[in-house]
Amino acid sequence: MADGRQMTRDLTTLRNLGIIAHIDAGKTTLTEGMLFYSGAKHRVGSVDKGTTETDSDPEEQDRGITIYSACVAFEWKASRINLLDTPGHVDFTAEVERCLRVLDGAVVVFSAREGVEAQSETVWRQADRYRVPRLAFINKLDREGASFETVVEEIDTRLGAAPVPIQIPCGEGPSHMDNSFHGVIDLVRMRQLTFDAQDKGATITESEVAEEHLDMARLWREAMLEKLYAHSDELMELALAEQPIPEQLIHQVLRQATIEMQIQPLLCGSALHGIGVQPLLDAVQEYLPSPLDMPPVTGMSWGKKGGRETTEERAPEPDDPFCGLVFKVVPAKTGDLSWIRIYSGSLKANSRVLNPGRDKRDNVAQLWQIHATRREQQIDEVSCGDIVGVIGLQQSVTGDTLCDTRHPILLEAIEFPETVISMAIEPETTAERKKLESALDLLQRQDPTLSIRANEMGQTLISGMGELHLEITKHRLLRDFNLDVKFHKPQVSYRETIEQAVDVTGECHRQIGGQQLFARLVVRVEPSEHDTQPVVINQCPIDSVPIELLDAAVAELESASQGGGLIAGFPLMKLRVTILGGEFDPESSDEVAFRIAANEAFEKALRGGIPALLEPIMKLDISTPEVHLGDIVGDLQQRRAIIARTDNRGVYSAIEAHAPMNELFGYSSAIRSLSQGRAGASMEPLAYATAPAEVRREYEI
């Protein structure tokens with residue numbers, strides 16, 4: 001993060017960059033390489049040894065995976081880079097979600113052996129949703145089974161992307177193979193780059209393309225240029241005239257098309273052996289956008305005393321009113337550290353800001369540069385385009401907008417996926433209960449996907465994104481907070497709905513407090529195709545019932561639809577509720593009467609629409625040696641799985657399967673057992689589907 005005391009700085013040199021990928025593609029190792037070659041650290045840390053800069057949590061070091069996003073800043077040539085390293089495991093996809101919300105560009109890392117995997121698709125879709133320009137980096141080309149060309153094809157076909165390789169590898173596979181991976185060819189300059197293994201790739205030797213690689217390099221360069229012709233008339237004219245194409249023009253076209261999200265320049269290497277990291281940093285500087293290249297952020301603004309809402313923009317200008325977004329909170333007993341992306345204006349320490357979403361003012365006591373997940377250096381002021389840590393906020397949480405108190409604007413919040421699994425936790429004593437509440441409050445501030453609620457038995461339920469998510473939460477409660485608590489088996493987060501549409505009439509004929517009440521409401525409740533919360537729509541003829549009575553009915557239906565279903569009290573979803581009509585009496589109809597009628601109609605609809613239990617279905621991506629394919633497919637079929645796709649990748653096979661989450665507890669251990677430890681699997685939520693009768697019988701009240 002640039003020093004906030006220097007307000008006049010060149011925003012064109014700033015890059016807010018994220019590293020995103022499937023688990024074990026090499027994101028953290030790549031981040032270590034970037035820090036090492038930029039001079040930000042003197043030794044390359046190891047994921048296996050737990051010595052990396054960005055994996056500082058004990059759980060991350062023990063497991064060798066990234067769990068929490070981390071921010072590091074460093075200089076590369078003329079640029080200042082704010083880099084966010086994100087998790088690859090699907091259970092922690094919210095960390096990716098909130099980082100992509102505030103980033104200007106991203107590097108998506110793919111393994112040269114495994115190619116496009118489940119979480120690769122997830123993070124790619126997330127980057128599409130937030131309109132984040134990106135580069136692609138094919139890593140691990142030194143591994144056995146690596147295939148550059150196969151991965152390029154998968155990025156194109158499976159992701160619907162537009163990869164433009166600007167590098168190709170010299171060889172593939174480990175050093176003991178004849179055609180081992182030993183360098184890259186820059187297709188823009190047609191130069192071969194060799195990286196010295198003695199100094200972990202810090203020394204790069206540049207040379208003419210070797211004879212054995214020349215024909216292949218020419219083919220790939222021509223393919224690169226053909227993809228770029230569509231984005232530049234000047235490039236096309238030079239090609240038709242058979243004139244030399246200037247190197248700088250290629251860079252310009254690549255940059256413009258990347259920022260406009262029409263292409264994704266693709267590079268390659270091996271982060272572990274220091275091959276290709278410096279050229280990737282050059283590409284970050286050359287092709288990814290600065291804050292000035294991104295469109296202004298938009299939000300809702302309103303006048304004083306409830307004036308009409310309008311849409312406003314905030315540009316990355318220091319003179320514009322301040323506007324920023326809280327995208328992560330690192331809790332601490334001494335004061336939470338809130339990570340904020342500054343979109344416009346400037347922010348000073350010891351100032352007051354407005355949280356328009358909560359209509360409250362908040363204090364900015366201190367500003368800090370962030371390194372990994374901790375405070376590094378205190379600063380006085382920070383300007384637009386940057387990322388900063390703030391201490392002192394009491395009213396603001398992840399997803400909240402902060403702005404100038406005189407110029408309110410509300411930015412779009414960050415949406416997180418629904419939880420799919422729960423476990424119960426019981427404190428042993430009353431004193432432990434108070435400690436537990438405090439610990440859970442702290443964990444929730446850090447992790448917005450962690451849901452805490454009490455069930456009908458008085459147990460505290462912790463809901464999360466998967467088994468690993470809950471397991472790590474459990475370990476933190478025991479290790480970090482020293483709690484004396486009991487945990488109970490995780491439970492799947494089922495949902496309820498109805499199977500058929502039903503039209504019902506709810507009525508109120510009651511005497512309350514000596515007053516006769518009347519209301520009649522005609523309601524249709526029907527299944528919806530989308531995995532969303534119930535939606536209430538008012539289509540009642542405008543002249544049949546006064547609007548204030550209909551508003552009361554809508555509010556009651558919304559409240560009722562947030563409750564549980566009739567089978568086992570699980571939350572409702574996939575429902576569309578429509579008010580079709582109603583009757584009222586000027587003397588005896590009021591809001592209470594219409595609330596009673598709405599509630600009766602909703603209960604009738606749940607009974608008449610044939611209640612159904614929904615179970616979460618997970619998408620499984622499995623990579624296995626072909627010799628174990630039959631055993632794994634047989635096991636999947638016993639788990640009620642549907643095989644959606646199988647691909648052959650040399651001696652390995654890739655399987656995509658859809659299976660109920662209830663059948664997948666402990667699947668990671670099962671697949672290791674079936675394949676003698678050689679297969680791997682990842683899963684992510686896919687959809688909710690109707691549960692079979694035997695599952696429903698287990699939960700019926």
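See the structure printed just above.
Given the structure is predicted, the values throughout are model-derived calculations rather than measurements.

Student: Talk me through the overall build of the protein; I want residue IDs and the actual numbers.
Tutor: Of the regular secondary structure elements, the protein holds 16 helices and 38 strands. In terms of overall dimensions, the protein is globule-like: its C-alpha atoms have a radius of gyration of 28 Å, near the 27 Å expected for 701 residues. A burial count over the protein gives 56% of its 701 residues as buried. In the protein, the proportion of contacts linking residues at least 24 apart, taken out of those at least 6 apart, comes to 72%. Carbon and sulfur atoms provide 46% of the accessible area of the protein, an area that totals close to 30700 Å². In the protein, which carries 70 positive and 108 negative side-chain charges, the distance between the mean positions of the two groups comes to 5 Å.

Student: Tell me about the pairing of strand β22 (residues 387–391), and name the residues and values.
Tutor: Each regular strand shows side chains that alternate between the opposite faces of the sheet. Counting buried positions along β22 yields five of five residues, so the element is predominantly enclosed. Burial of β22 is two-sided: the residues Ile-387, Gly-389 and Ile-391 facing one way and the residues Val-388 and Val-390 facing the other way are all buried. With five bridges connecting them, strand β15 (residues 337–344) and β22 associate as antiparallel partners. Within β22, the residue paired with Trp-339 across the bridge is Gly-389. Here strand β19 (residues 366–371) pairs with β22 via three bridges, running antiparallel. Across the sheet, residue Leu-367 finds its bridge partner in β22, namely Val-390.

Student: How would you summarise the state of the cysteines if you had to cite specific residues and measurements?
Tutor: Tallied over the entire structure, the rule returns zero disulfides. Distance from the sulfur of Cys-71, which forms no disulfide, to the nearest cysteine sulfur (Cys-99) is 8.4 Å. The thiol of Cys-508 is unpaired, and the distance to the nearest cysteine sulfur, on Cys-540, comes to 16 Å. Judged by relative accessible area, Cys-508 falls into the buried class, the value being 1%.

Student: Tell me about helix α3 (residues 93–102), and name the residues and values.
Tutor: Across the 10 residues that make up α3, a large majority, 10, are buried. Regarding α3, the residues found buried are Thr-93, Ala-94, Glu-95, Val-96, Glu-97, Arg-98, Cys-99, Leu-100, Arg-101 and Val-102.

What counts, and at which threshold
Residues numbered from 1 in each chain as written. Predicted model: local features only at pLDDT ≥ 70, side-chain atom pairs only at ≥ 80, totals over all residues. Heavy atoms only, no water. Helix = DSSP H or I, 4+ residues; strand = E, 2+ residues; numbered from the N terminus. Rg over C-alpha atoms; globule rule 2.2 N^0.38 Å. Buried < 20%, exposed > 50% of the residue type's maximum accessible area, 1.4 Å probe, protein only. Contact = heavy atoms within 4.5 Å. Areas by Shrake-Rupley, 256 points an atom, 1.4 Å probe, with all protein chains shown as cover. Lys, Arg positive; Asp, Glu negative; His and termini not counted. Charge placed at Lys NZ, Arg CZ, Asp CG, Glu CD. Pairing = 2+ DSSP bridges. Disulfide = S-S within 2.5 Å.

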